[in-house]
Amino acid sequence: QLQHSGLPLLPTSKGIPVKQSSAREDDINDAPAVTQLFKNRFFVESGQRFLSIPVNDIAYFFSDGRFVFFTTHSKNKYIIHYRMEELQVMLNPEEFYRINRSFIVSIKSIDQIHPYFGGRFKLKLLPTAEEEVLVSRKRVPGFRKWLGE
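Rules behind the numbers
Residues numbered from 1 in each chain as written. Predicted model: local features only at pLDDT ≥ 70, side-chain atom pairs only at ≥ 80, totals over all residues. Heavy atoms only, no water. Helix = DSSP H or I, 4+ residues; strand = E, 2+ residues; numbered from the N terminus. Buried < 20%, exposed > 50% of the residue type's maximum accessible area, 1.4 Å probe, protein only. Contact = heavy atoms within 4.5 Å. Areas by Shrake-Rupley, 256 points an atom, 1.4 Å probe, with all protein chains shown as cover. Core = buried A, V, L, I, M, F, W, Y, C linked by side-chain atoms within 4.5 Å. Phe/Tyr/Trp six-rings, centres within 6.5 Å; stacked < 30°, edge-to-face > 60°. Lys NZ or Arg CZ within 6 Å of the ring centre and 35° of its normal. Salt bridge = Lys/Arg side-chain N within 4 Å of Asp/Glu carboxyl O. Pairing = 2+ DSSP bridges. Axes fitted to C-alpha atoms, helices over the stretch in contact; angles between N-to-C directions.

Draft legend 1. Up close: the overall build of the chain. For the chain, the count of helices and strands is two helices and 13 strands. Buried positions account for 36% of the 149 residues belonging to the chain. If you take every contact in the chain between residues at least 6 apart in sequence, the share linking residues at least 24 apart comes to 38%. Roughly 9,900 Å² of accessible area belongs to the chain as shown, and the carbon and sulfur atoms make up 50% of that amount.

Draft legend 2. Quick look at the nonpolar core. Among the nonpolar cores identified, the biggest contains 18 residues, and Y60, I99, F103, V105, L125 and F143 are the most heavily contacted of them. Only β6 (58–63), β10 (103–106), β12 (120–125), β13 (133–135) and α2 (140–146) provide two or more residues apiece to this core. Excluding its chain neighbours within four sequence positions, the residues that come into contact with V105 are A59, Y60, E95, F96, Y97, I99, I110, L125 and W146. Counting 17 residues, the second-largest nonpolar core is a separate cluster that includes I58, F61, V68 and L91.

Draft legend 3. Representation of the packing of aromatic side chains. Counting across every chain of the model gives 16 aromatic pairs. Judged by centre distance (5.4 Å) and plane angle (20°), the rings of F62 and F69 are stacked. Just as F62 is buried, F69 falls in that class too. One Lys or Arg, K39, reaches over the ring of F42 and ends 5.2 Å from the middle of that ring.

Draft legend 4. Local environment of the pattern of salt bridges. What the rule picks out here adds up to seven salt bridges. In this structure, the salt-bridge partner of E85 is R83, at a minimum N-O distance of 3.7 Å. By relative accessible area, which is 43% here, E85 ends up partly exposed. The partner of E86 in a salt bridge is R83, with the nearest N and O atoms 3.6 Å apart. With a relative accessible area of 30%, E86 lands in the partly exposed category. Here the residues in one salt-bridge network are R83, E85, E86 and R98, joined through shared partners.

Draft legend 5. Region of the structure containing the sheet that holds β10. One open sheet accounts for five strands, arranged β8-β7-β6-β10-β9; its pairing is antiparallel. Looking at strand neighbours, the two that pair on one side only are β8 (77–80) and β9 (96–98), the edges of this open sheet. Across this sheet, the average inter-strand angle for adjacent strands is 20°, counted without regard to direction. Relative to β10, β9 is paired through three bridges, and the arrangement is antiparallel. Note that in β10 the partner of F96 across the bridge is S106.

Distances and angles like these do not, on their own, reveal function.
Written out as structure tokens, the structure is:
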């Protein structure tokens, strides 16, 4: 489910729709306002039932190589049928950042950041991840910028 206000959707080169505000005579700028749309819920299976989980409840997404999962802030883990590359364009980049091949983290889930050898960072996430969480060397500059440096 994508967030939108009922305004017409425009195609983009990345295949993600954007909304365009209607032009008014009193607009200061000549260019129409364009806003990126992001997924706000994920529909998942949990045992014999289905759930709709708000993106705000998600702490991080991770891949084990074969499957992609997400963990909520309340420590629940769900499998989803998206690739990490697909998730990257569905999620608001102000809230989520892909730190390596296997993890996309929410800014709200980062508890601690430690320097790590090779110019990388080691993260302590809440809830705690099952494996060591490292920001890859090539993603460190973007990660620092994302955090406001």
